[in-house]
Amino acid sequence: MFEGGTGWRANDCYTNRDGKLARCVWLVVVFCHRLLSQCCGQHRIRRHPGQSTGYHCPGKMMEEFLAKAIFHKYWLLIFLMPIIIFGCTMENLPFERSGYLFVESLIHPATGLAASREGECATTVYTNALAAMVFLHEGNRPAAEKIFEIFKKYYYTQQRNFHGLPQVWDPCSGLPDTFSVHWEGETAFLLLALNYYRQVTGSYEPYQDLAQGLAVWLAQRANMCEQLVAEGVANMYAALLPFADDPMIEKSTDRLRACFFSKGQISSAEYAHCLEHVVRGALIFGDTTGFRQIPGFARSETWDFDHTTRVSAFSAYKDEQSINVELSAQLLLMARIWQPDLPFDLTSLRGELEKLRLRGKSQPSSIGLPYFVAERGFENACALPIIQPTSYLLFCYWDFNPFAPGKKCAAELPHT
């Protein structure tokens, strides 16, 4: 790359995060200044008397400037100047925009489903529920509706044989992995996205049948909520609340709440052990008693992507030492919404998570977050951006509660 007299390379525009635009512009200025100086020197062009800056360059000198740029092999840099400056400004896009562009870039053009990561034919119901909420929040209703259409089609093919949605889907074909589990928490998240769709548009239509079918199935599954994990139980409760005018579903929500706050069952919230339970307790039930457990999940790790960046965030479980970026982003969202009730300040967490920004491949202006800080769990878990933590960081910027948009929590904890 061309090196000016400033001691840095044009390539630094892509590696240094601070002052990129200023340095790139300075590179162009230095380069042009040198060529102009040579041209003016050869043609003995001098400043006007009293002129403190700039050159008086007639047409002949401008021709010489272009000739030097071409014949002295600087043509490549001239061609790349707009690209250099554009590249330097891309990272200056606010995350509300660059993060949204990343989620949008995951849409498969043939099916409308969002992949979990770029270039992969794998996704989940949960992933697409998050994507639909992002699109609806930003006014991209057609993108959200394409997602809902896929699941509506599946629902209609099942009808009376409907037993929830398979967790894993292929965004390239738009088909489910029929051997994957039908997890209640994932199905509930799609209903949460449909609830938000109704809030935005004023109606569930044309997805009324899908929404009602999901609600009925989840209400049936609530009868065995003692056997379901607590985070799934909480998702189901929040998703079913808008249908609680139905006496049967109202009983189901009461049962789900009882399961979440029970003791010694699979469904029981364990605030001291699972950070996700703390987040669900606050954002869904309005329970802040888990806040005192949060410091026990604090962790610090060196990012395996560059082996340099030190990140302080939170693990998903008390007995894990690794940072979970998605759960850390969920915690940040909860902290922003419940800040007056927190006994400590978590505002620095946003800066810690933003250290992990990774540029997307298919959309150069896009930025996403990885799932882990350490390389664990699955391939490139720390090196490729993924939709879940990116969506939750967007929700943080928007103060958007996906379990109860526009509200601090889905339902207040009942007084005892």
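Residues numbered from 1 in each chain as written. Predicted model: local features only at pLDDT ≥ 70, side-chain atom pairs only at ≥ 80, totals over all residues. Heavy atoms only, no water.

1. Section: the packing of aromatic side chains
Per the counting criterion, the structure on display carries 26 aromatic pairs. A centroid spacing of 5.5 Å and a plane angle of 70° characterise the contact between Phe189 and Phe403, whose relative ring orientation is edge-to-face. Residue Phe189 is located in helix α8 (residues 184–201), and its partner Phe403 is located in the segment after α15 (387–398); the two are separated by 214 residues in the primary sequence. Residue classification places Phe189 among the buried positions, given a relative accessible area of 0%. According to the relative accessible area criterion, Phe403 is buried, its value standing at 4%. When the ring of Tyr204 is compared with that of Phe243, the centres are 5.6 Å apart and the planes differ by 20°; the resulting orientation is stacked. (Phe/Tyr/Trp six-rings, centres within 6.5 Å; stacked < 30°, edge-to-face > 60°. Helix = DSSP H or I, 4+ residues; strand = E, 2+ residues; numbered from the N terminus. Buried < 20%, exposed > 50% of the residue type's maximum accessible area, 1.4 Å probe, protein only.)

2. Let's talk about the pattern of salt bridges
Under the criterion given, the structure shown has 12 salt bridges. The residue Arg255 makes a salt bridge to Glu226 at a minimum N-O spacing of 2.6 Å. Taken as a pair, Arg255 in helix α11 (residues 247–260) and Glu226 in the loop between α9 (208–221) and α10 (230–240) lie far apart in primary sequence, 29 residues in all. Looking at Arg255, the relative accessible area reads 32%, which means it is partly exposed. (Salt bridge = Lys/Arg side-chain N within 4 Å of Asp/Glu carboxyl O.)

3. A short note on the sheet that holds strand β3 (residues 175–176)
Adjacent strands of a sheet pair through backbone hydrogen bonds, lying either parallel or antiparallel. Spatially, 3 strands are ordered β1-β2-β3 in an open sheet, and the strand pairing comes out antiparallel. The sheet is open, and its two borders are formed by β1 (123–124) and β3, each paired with just one other strand. (Pairing = 2+ DSSP bridges.)

4. Quick notes on the layout of surface pockets
In this structure, the largest pocket encloses a volume near 410 Å³. For the largest pocket, the lining is made up of 22 residues, of which Tyr126, Glu276, Glu326, Leu327 and Tyr371 are closest to its centre. Looking at the lining of the largest pocket, the elements that each hand over two or more residues are α6 (125–137), α8, α10, α12 (275–285) and α13 (325–337). Residue contributions to the lining of the largest pocket peak at 3 residues, all from α13. Here the lining of the largest pocket is composed, by residue class, of 8 nonpolar, 7 polar and 7 charged. (1 Å grid on protein atoms, 1.4 Å probe; cavity = no way out; pocket = protein on both sides within 12 Å on 5 of 7 lines; lining within 4 Å. Points joined across faces, edges and corners; volume = space filled by probe spheres on them. Nonpolar A, V, L, I, M, F, W, Y, C, P; charged D, E, K, R; others polar.)

5. Some points on the pairing of strand β4 (residues 298–302)
Burial along β4 is one-sided: Arg299 and Glu301 are buried, and none of Ala298, Ser300 and Thr302, which face the opposite way, are. Across 5 bridges, the pairing between β4 and strand β5 (residues 310–314) is antiparallel. Residue Arg299 lies in a different strand from β5, and its bridge partner there is Ala313.

6. Let's talk about the side chain of Ser315
The topology assignment puts Ser315 in the loop between β5 and α13. Owing to a relative accessible area of 0%, Ser315 belongs among the buried residues under this scheme. In contact with Ser315, other than residues within four places in its own chain, are Leu275, Phe297, Arg299, Glu320, Ser322, Ile323 and Asn324. (Contact = heavy atoms within 4.5 Å.)

7. What to know about α15
Taking 1.5 Å of rise per residue, the 12 residues of α15 would be expected to cover 16 Å, and the 16 Å separating its terminal C-alpha atoms lies within 8% of that figure. Extensive coverage of α15 is indicated by the burial of 12 of its 12 residues. Among the residues of α15, Ile387, Gln388, Pro389, Thr390, Ser391, Tyr392, Leu393, Leu394, Phe395, Cys396, Tyr397 and Trp398 are the ones counted as buried. Buried residues along α15 sit in contact with α5 (95–105), α6, α8, α13, α14 (348–354) and β7 (367–368). One or two positions beyond α15, positive phi appears at Asp399, with a value near 50°. (Expected span 1.5 Å × (residues − 1).)

8. A word on the state of the cysteines
Within the structure shown, the criterion is met by 2 disulfides. Across a sulfur-sulfur distance of 1.7 Å, Cys121 and Cys172 are joined as a disulfide pair. Because the sign of the S-S torsion sets the handedness, a value of about -85° for the bond joining Cys121 and Cys172 places this disulfide among the left-handed ones. Separated by 51 residues along the polypeptide, Cys121 in the loop between α5 and β1 and Cys172 in the loop between β2 (168–170) and β3 bring together distant segments of the chain. The exposure class of Cys121 is partly exposed, given its relative accessible area of 43%. When its relative accessible area of 27% is taken as the criterion, Cys172 is described as partly exposed. (Disulfide = S-S within 2.5 Å.)

9. Side note on the nonpolar core
If you look at the biggest cluster of nonpolar residues, it comprises 116 residues, and the most contacted ones within it are Phe148, Leu191 and Met334. With 10 residues, the top contributor of residues to this core is α6. Contact partners of Met334, with chain neighbours within four places excluded, come to Val278, Val279, Ala282, Leu283, Phe291, Ile294 and Leu342. (Core = buried A, V, L, I, M, F, W, Y, C linked by side-chain atoms within 4.5 Å.)

10. Quick look at the environment of Pro343
Of note, Pro343 is situated in the loop between α13 and α14. Judged by relative accessible area, Pro343 falls into the exposed class, the value being 59%. Sequence spacing of Pro343 and Phe291 is 52 residues, and the spatial spacing of their C-alpha atoms is 7.6 Å.

11. Concerning the environment of Leu192
By the element assignment, Leu192 lies in helix α8. For the pair formed by Leu192 and Asn235, sequence separation is 43 residues and the distance between their alpha carbons is 8.2 Å. Non-local contacts of Leu192, meaning those with residues more than four positions away in its chain, are made with Met133, Asn235, Ala238, Ala239, Pro402 and Phe403.

12. What to know about helix α7 (residues 141–158)
Taking 1.5 Å per residue, 18 residues should reach 26 Å; α7 reaches 26 Å between its end C-alpha atoms and fits that length. Buried within α7 are the following residues: Ala143, Ala144, Glu145, Ile147, Phe148, Ile150, Phe151, Lys152, Tyr154 and Tyr155. Tucked into the core, α7 has its buried residues touching α6, β2, β3, α8 and α9. After α7 finishes, the residue Gln159 shows a positive phi value of roughly 50°.

Fair warning: the whole summary comes from geometry, so function is off the table for now.
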